[in-house]
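Single-letter residue listing:
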Amino acid sequence: EMLEGKAGEFAQLLAGYDASLAGAKGEREVAAAVDRLVAFAGWTDKFQHILGGQNAVAGPYWNITVPEPTGVFAVIAPASPSLLGLVAMLAPVICAGNAAVVIVPVEAAAMAATFAEVCATSDLPGGVINILTGQIDELLPIAAEHRDIDGIHAIALSAEQAKRVRLGTADNLKRVTIQPAGTDLFDARSCCGPWWVEPFVEFKTVWHPVGA
């Protein structure tokens, strides 16, 4: 609701970044970002039933697998689409119950600041979403090597950037998810749902005896 209330402001920002996004195209991106947030909000209490469940075991036990949040993720937002890209990369991470440090390219700094206003006036607990703007090449190695960050969610990295992420996370066991460069973030069918949440959870399996 907060994002939708600023739809006009976001559409103007998009048009300022790229003249081709003036009018209907910019409004379409804002609407897609709102829809994506609503969709993942709907999954917050449902993905557990798809990713987890009761397991059949040969013995007198209940065996249940439950997905739990991993911790803190660094989210690398793309420069374009700036608003939808930020939302599409961030939403599955917080849907799973994680905290996020969102790294936004400096070209989209105004967009990130306005989105931060949306987060500040929403019902999010403090510290769930933390937004940094700057040069991706400078911030990416820091995120990869930082031991208080448990994973990385990125999109459209160059081969060199992906290599630096893999090398930086090699000795600190981060979970790294890099969406391919050709991912169409406007395609809600392929970019929304429990399988986008799965990389950001850990699975706990509980055994409990049954019977006498």
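Just above sits the structure.
Quick summary incoming for the structure in this document. (Residues numbered from 1 in each chain as written. Predicted model: local features only at pLDDT ≥ 70, side-chain atom pairs only at ≥ 80, totals over all residues. Heavy atoms only, no water.)

Quick word on a negative patch on the surface
Argument step 1. Together, Glu1, Glu4, Asp35 and Asp123 give the surface a local cluster of negative charge.
Argument step 2. Owing to a relative accessible area of 52%, Asp35 belongs among the exposed residues under this scheme. (Patch = residues over 30% accessible without salt bridge, like charges linked within 9 Å, V, L, I, M, F, W, Y side chains within 5 Å. Areas by Shrake-Rupley, 256 points an atom, 1.4 Å probe, with all protein chains shown as cover. Salt bridge = Lys/Arg side-chain N within 4 Å of Asp/Glu carboxyl O. Lys, Arg positive; Asp, Glu negative; His and termini not counted. Charge placed at Lys NZ, Arg CZ, Asp CG, Glu CD. Buried < 20%, exposed > 50% of the residue type's maximum accessible area, 1.4 Å probe, protein only.)

Observations concerning the pattern of salt bridges
Argument step 1. Counted under the stated rule, the structure contains five salt bridges.
Argument step 2. Note that Lys6 is salt-bridged to Glu9, the shortest N-O span being 3.3 Å.
Argument step 3. Given a relative accessible area of 22%, Lys6 falls into the partly exposed group.
Argument step 4. Judged by its relative accessible area of 35%, Glu9 falls in the partly exposed class.
Argument step 5. In this structure, Glu117 engages Lys6 in a salt bridge whose closest nitrogen and oxygen atoms are separated by 3.3 Å. One end of the pair, Glu117, is in helix α6 (residues 109–120); the other, Lys6, is in the loop between α1 (2–5) and α2 (7–17), and 111 residues separate them in sequence.
Argument step 6. Since its relative accessible area comes to 41%, Glu117 is described here as partly exposed.
Argument step 7. Via salt bridges that share partners, Lys6, Glu9 and Glu117 belong to a single interconnected network. (Helix = DSSP H or I, 4+ residues; strand = E, 2+ residues; numbered from the N terminus.)

Considerations on the sheet that holds strand β7 (residues 175–179)
Argument step 1. Across the sheet, which stays open at both edges, the five strands sit in the order β5-β4-β3-β6-β7 with parallel pairing between neighbours. Each of the sheet's edge strands pairs with one partner strand only, and the pair in question is β5 (129–134) and β7. Ignoring strand direction, the axes of neighbouring strands in this sheet form an average angle of 15°.
Argument step 2. One ladder, built from six bridges, connects strand β4 (residues 99–105) with β5; its direction is parallel. Bridged to Val102 within β5 is Ile131.
Argument step 3. Against the sheet, helix α5 (residues 82–95) engages β3 (72–76), β4, β5, β6 (151–155) and β7, with an angle of about 170° to β4.
Argument step 4. The strands that helix α7 (residues 136–145) touches are β3, β4, β5 and β6; relative to β4, the one it contacts most, it runs at about 160°. (Pairing = 2+ DSSP bridges. Axes fitted to C-alpha atoms, helices over the stretch in contact; angles between N-to-C directions. Contact = heavy atoms within 4.5 Å.)

A word on the sheet that holds strand β1 (residues 53–55)
Argument step 1. Taken in spatial order, the three strands line up as β1-β2-β8 in an open sheet, and their pairing is antiparallel. The open sheet has two edge strands, β1 and β8 (201–209), and neither has a second partner. Between one strand and the next, the sheet's axes are offset by a mean angle of 30°, whatever the strand orientation.
Argument step 2. The sheet contact formed by β1 and strand β2 (residues 61–69) spans three bridges and is antiparallel. Each bridged residue has a counterpart across the sheet, and for Gly53 the counterpart in β2 is Thr65.

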